[in-house]
Amino acid sequence: MNITDVRVRKVAKEGKMKAVVSITIDDEFVVHDIKVIEGEKGLFIAMPSRKATDGEYRDIAHPINSSTRNEIQDIILNKYEETIAQEEAEAEIASNTDLF
């Protein structure tokens, strides 16, 4: 398995959910609506889920083992941090050009 694309959409509102992510696997399969969430121990991902009739949320798609989950999470969180850093740099440049 090779994650060939990661698309991060930041969430504008305040709260624990920081972004919604889509990943492409092997340029052939896409998983949408993976959430980046800030928890007590830092950022983590939540796989796409839906509410069942009993009120519980169940994952629609998810890795079968923890090593695959960790790999996906590491790739997503690295891309999220990269996106945040890029946006901050662009905002800094924009604020500096406003001074002139």
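In case you missed it, the structure is sitting above this.
Residues numbered from 1 in each chain as written. Predicted model: local features only at pLDDT ≥ 70, side-chain atom pairs only at ≥ 80, totals over all residues. Heavy atoms only, no water.

Draft legend 1. Spotlight on unusual backbone geometry. In the Ramachandran plot, D26 falls in the positive-phi region, its phi being about 55° despite a non-glycine side chain. Within the secondary structure layout, D26 lies in the loop between β2 (17-25) and β3 (29-39). Given the relative accessible area of 37%, D26 is considered partly exposed. The backbone of D27 shows a phi angle near 55°, a positive value even though the residue is not glycine. One can find D27 in the loop between β2 and β3. (Helix = DSSP H or I, 4+ residues; strand = E, 2+ residues; numbered from the N terminus. Buried < 20%, exposed > 50% of the residue type's maximum accessible area, 1.4 Å probe, protein only.)

Draft legend 2. Fine view of the sheet that holds strand β1 (residues 3-10). Read across the sheet, four strands follow the order β1-β2-β3-β4 without closing on themselves; strand pairing throughout is antiparallel. Strand pairing shows two members of the sheet lacking a second neighbour, β1 and β4 (42-46), which therefore form its edges. The average angle at which neighbouring strand axes cross in this sheet is 25°, direction not considered. As paired elements, β3 and β4 share five bridges and run antiparallel to each other. What sits directly across from V36, in β4, is I45. (Pairing = 2+ DSSP bridges. Axes fitted to C-alpha atoms, helices over the stretch in contact; angles between N-to-C directions.)

Draft legend 3. The arrangement of the environment of I23 in detail. Of note, I23 is situated in strand β2. Separated by 53 residues in the primary sequence, I23 and I76 have C-alpha atoms spaced 8.2 Å apart. Aside from chain neighbours lying at most four places away, what touches I23 is I3, D5, V6, F29, V30, V31, I34, I72 and I76. (Contact = heavy atoms within 4.5 Å.)

Draft legend 4. Representation of the nonpolar core. Core analysis: the largest hydrophobic core is formed by 17 residues, its most contacted members being V21, I23, I34, V36, I45 and I76. Sorting the residues of this core by element identifies β1, β2, β3 and α1 (66-98) as the ones contributing at least two each. At five residues, the largest contribution of residues to this core is made by α1. Dropping the residues within four chain positions of it, I45 is found in contact with I34, K35, R69, I72, Q73, I76 and L77. (Core = buried A, V, L, I, M, F, W, Y, C linked by side-chain atoms within 4.5 Å.)

Draft legend 5. Looking closely at the pattern of salt bridges. A full pass over the atoms with the stated rule returns five salt bridges. Ionic pairing is found between D54 and R58, a salt bridge with its closest N-O pair at 2.9 Å. (Salt bridge = Lys/Arg side-chain N within 4 Å of Asp/Glu carboxyl O.)

Draft legend 6. Seen up close, the environment of E28. By the secondary structure assignment, E28 is in the loop between β2 and β3. Taking the relative accessible area as the measure of exposure, E28 reaches 71% and is therefore exposed. Sequence-wise, E28 and I3 are 25 residues apart; in three dimensions their C-alpha atoms are separated by 9.9 Å.

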